[in-house]
Amino acid sequence: MKTIRVNLSENSYNIYIDKILVGRIGEILATEKKPCKTLLITDSNIDKVYGPIITESLSQHGFCVRIVALKPGEDQKTLETASALYDACFDHKLDRSSLIIALGGGVVGDISGFVAATFMRGIPFIQIPTTLLAQVDSSIGGKVAVNHPKGKNMIGSFYQPKAVFIDTDTLSTLPATELVAGLMEVIKYGVIRDAALFEYIENALRDILQLNHHALLKIIATSCQIKARVVEEDEKETHLRAILNYGHTIGHAIETLTDYKKYRHGEAVAMGMLYASRIAQEMGLTNDNTVFERQLSLVKRLGLPLYTGLKPGDIIKTLYSDKKVISGKLRFILPTKIGEVIISDQVTEEILYRVLNTPLLR
Ligand code: GLY
């Protein structure tokens, strides 16, 4: 088992990565926490596959578990669902010594963390992410939230889990399209911080897509390591943590304009990463064309979309309504080479029009 420490003084915790971890959760958890009342929040798909195994493991080690299975989907991430989850917390008589477990993808992790952060002003929670996206990104770093009609993740907080358990075996039941979209976040880590990781993905893409355990362990552990170091330096995103949003500025605008229905998050981020690389070239921040080309080549190998049909003017208007706009200025994460990015608020509308008017595939 690989263990990565996230050092955040009294909010520090471990990320455990291994195969066949879900069935051993009770045993491992009992070494960290006294058995207690536990509300396990998941979705109905995950519940069918893992609900019985995890309940048995936790019960065997003295945890008194109740499962709440949400309907799958982003539209469940609302204050209404949170309210139903508070009811479940009261019904199961949770108190501040109890535990909430989030078992699932980003939606389950975000809303469970939000409920854990707010029920009785905060009770302990752990994350067991079951998608690649959640394993390398959303389960780590304490961003918890629900959506609001005015925007995604607009109601939330920073609230760190007590531990994160990543079972690489859960990826075997993940649809290939979800795996590929999650892999974009791993590629993102390569571009922002780790040229060797990027090169590894270029060379080991087949092994990764065939779910080779060593390849998965390598990319997940390296990604978690990078995210942990960034979050340790800037937990509340006052500066450095923004680099994790590489590709997300234009990516979010694409998702918003298509009602979060047409593209998976990773697909929109992939196009956002390519546009950000073009912006860096336009601004003369890099004259290394391989920064764009190598990312484009990976995106093509993964078969991800490269054309949205959206009007540049609409994308630009949407960019200004994002919560990442600071004092009216757009903030972009721009690569100077593979493994290095800068944070810039100098991207002009003129540059944006030029870049967005040029097809990614010429
Ligand atoms: N997903 C970006 C962050 O956690 O900061």
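Residues numbered from 1 in each chain as written. Predicted model: local features only at pLDDT ≥ 70, side-chain atom pairs only at ≥ 80, totals over all residues. Heavy atoms only, no water.

Visitor: What should I look at first to understand the overall build of the protein chain in this one?
Guide: In terms of regular secondary structure, the protein chain is built from 13 helices and eleven strands. With the C-alpha coordinates of the protein chain rotated into their principal frame, the extents come out at 60 × 40 × 35 Å. For the protein chain, the proportion of its 362 residues judged to be buried stands at 57%. Taking the intrachain contacts of the protein chain between residues at least 6 apart in sequence as the baseline, contacts between residues at least 24 apart amount to 76%. If you sum the accessible surface of the protein chain, you get close to 15400 Å²; carbon and sulfur atoms cover 50% of it. Averaging the locations of the 42 positively and 40 negatively charged side chains of the protein chain gives two centres separated by 1 Å. (Helix = DSSP H or I, 4+ residues; strand = E, 2+ residues; numbered from the N terminus. Buried < 20%, exposed > 50% of the residue type's maximum accessible area, 1.4 Å probe, protein only. Contact = heavy atoms within 4.5 Å. Areas by Shrake-Rupley, 256 points an atom, 1.4 Å probe, with all protein chains shown as cover. Lys, Arg positive; Asp, Glu negative; His and termini not counted. Charge placed at Lys NZ, Arg CZ, Asp CG, Glu CD.)

Visitor: Can you walk me through helix H9 (residues 248-257) in this structure?
Guide: Residues spaced three or four apart along an α-helix point in a common direction, a consequence of the helix completing one turn every 3.6 residues. In terms of burial, H9 is largely enclosed, as eight of its ten residues are buried. Buried residues belonging to H9 abut strand S8 (151-158), helix H6 (176-193), helix H10 (265-282), helix H12 (312-319), strand S10 (332-337) and helix H13 (349-356). Where H9 terminates, the next one or two residues include Asp 259, which has phi positive at roughly 55°.

Visitor: Looking at this model, I keep getting lost on the side chain of Asp 43. Mind explaining?
Guide: Tracing the sequence through the fold places Asp 43 in strand S3 (residues 37-43). Look at Asp 43: it is buried, it has no salt bridge, and the nearest opposite charge is Lys 48 at 7.8 Å. At 2.9 Å, the side chain of Asp 43 and the backbone nitrogen of Ile 46 are in polar contact. The contact partners of Asp 43, leaving out residues within four places of it in the chain, are Ala 69, Leu 70, Lys 71, Pro 72, Leu 103 and Val 108. (Salt bridge = Lys/Arg side-chain N within 4 Å of Asp/Glu carboxyl O. Polar contact = N/O pair within 3.5 Å; in protein donor to acceptor, adjacent residues only side chain to side chain.)

Visitor: Would you take a moment to explain the environment of Val 341 for this structure?
Guide: Of note, Val 341 is situated in strand S11 (residues 340-344). The exposure class assigned to Val 341 is buried, which follows from its relative accessible area of 15%. With near-sequence residues (within four places) excluded, Val 341 lies in contact with Val 191, Ile 192, Ile 243, Ile 333, Leu 334, Pro 335 and Thr 336.

Visitor: Explanation requested: the site of the ligand in the structure shown.
Guide: Taken together, the residues surrounding the ligand are Asp 137, Lys 143, Lys 227, Glu 237, Arg 241, Leu 244 and Asn 245. Separating an oxygen atom of the ligand from a side-chain N or O atom of Lys 143 is a distance of 2.9 Å. Against a free-state accessible area of 200 Å², the protein chains account for coverage of 89% of the ligand. (Near = heavy atom within 4 Å.)

Visitor: Please clarify how the side chain of Lys 77 should be interpreted in this entry.
Guide: Following the sequence through the fold, Lys 77 ends up in the loop between strand S4 (64-70) and helix H3 (79-91). Polar contacts involving the side chain of Lys 77 include one to the side chain of Asp 110, which spans 2.8 Å. In this structure Lys 77 touches Val 107, Asp 110, Ile 111, Ala 145, Val 146, Asn 147 and Asn 153, once residues within four positions along its chain are discounted.

Visitor: Looking at this model, I keep getting lost on the pairing of S8. Mind explaining?
Guide: Walk down a regular strand and you will see the side chains alternate between the two sheet faces. Pairing between strand S7 (residues 143-148) and S8: five bridges, direction antiparallel. Bridge pairing in S8 places Lys 143 opposite Phe 158. Here S7 folds back onto S8 in antiparallel fashion, the turn holding two residues. (Pairing = 2+ DSSP bridges.)

Visitor: In this structure, what is going on with the packing of aromatic side chains? I would like to understand it.
Guide: Think of a pair of aromatic rings as described by two things: how far the centres are apart, and how the planes are tilted against each other in angle. Tallied over the full model, the rule gives four aromatic pairs. Aromatic pair Phe 90 and Phe 119: ring centres 5.0 Å apart, planes at 75°, arrangement edge-to-face. Of this pair, Phe 90 sits in helix H3 while Phe 119 sits in the loop between helix H4 (106-118) and strand S6 (125-129), and the two are 29 residues apart along the sequence. Exposure remark for Phe 90: the relative accessible area of 54% places this residue in the exposed category. The buried category is assigned to Phe 119, whose relative accessible area is 3%. Note on Phe 125 and Tyr 159: the rings are 5.9 Å apart at their centroids and 15° apart in plane angle, and the pair reads as stacked. Within this pair, whereas Phe 125 is found in strand S6, its partner Tyr 159 is found in the loop between S8 and strand S9 (163-167), the two being separated by 34 residues in sequence. Counting every residue linked through ring pairs, the aromatic cluster contains Tyr 86, Phe 90 and Phe 119. A cation over an aromatic ring shows up here: Lys 188 above the ring of Tyr 189, its NZ or CZ 4.8 Å from the ring centre. The ring of Tyr 200 carries the charged tip of Lys 218 above its face, separated from the ring centre by 5.2 Å. (Phe/Tyr/Trp six-rings, centres within 6.5 Å; stacked < 30°, edge-to-face > 60°. Lys NZ or Arg CZ within 6 Å of the ring centre and 35° of its normal.)

Visitor: How do you make sense of H12 when you look at a structure like this?
Guide: All of the buried residues along H12 are Pro 312, Ile 315, Ile 316, Thr 318 and Leu 319. Down the axis of H12, the smallest arc covering the buried residues is 160°, so these residues share one side. Buried residues along H12 sit in contact with H9, S10 and H13. (Arc of directions from axis to C-beta.)

Visitor: Looking at this structure, how should I read unusual backbone geometry?
Guide: Excluding glycine, most residues fall at negative phi; most peptide bonds, likewise, are trans. Within the chain, Ile 20 stands out as a residue other than glycine whose phi angle is a positive 45°. For Ile 20, the position within the fold is in the loop between strand S2 (13-18) and helix H1 (25-30). For Ile 20, a relative accessible area of 57% gives the class exposed. At Glu 237, a position not held by glycine, the phi torsion is positive, near 55°. You can see Glu 237 is positioned in the loop between helix H8 (213-233) and H9. Residue Glu 237 is classed as buried on the basis of its relative accessible area of 18%.

Visitor: I keep staring at the sheet that holds S3 and nothing clicks. Help me out?
Guide: Whether parallel or antiparallel, the strands of a sheet pair through hydrogen bonds between backbone atoms. Spatially, the seven strands line up as an open sheet ordered S1-S2-S9-S6-S5-S3-S4, and their pairing is mixed. A single partner strand is all that each edge strand has here, and the edge strands are strand S1 (2-6) and S4. For this sheet the average axis-to-axis angle between neighbouring strands, irrespective of direction, equals 15°. Relative to S4, S3 runs parallel, the two sharing seven bridges. Bridge pairing in S4 links Ile 41 to Val 68. In the packing of helix H2 (residues 44-60) onto the sheet, contacts are made with S3, S4, strand S5 (99-104) and S6, and the angle to S4 comes to roughly 175°. Along the sheet, H3 contacts S3, S4 and S5; its crossing angle with S4, the most-contacted strand, is approximately 160°. (Axes fitted to C-alpha atoms, helices over the stretch in contact; angles between N-to-C directions.)

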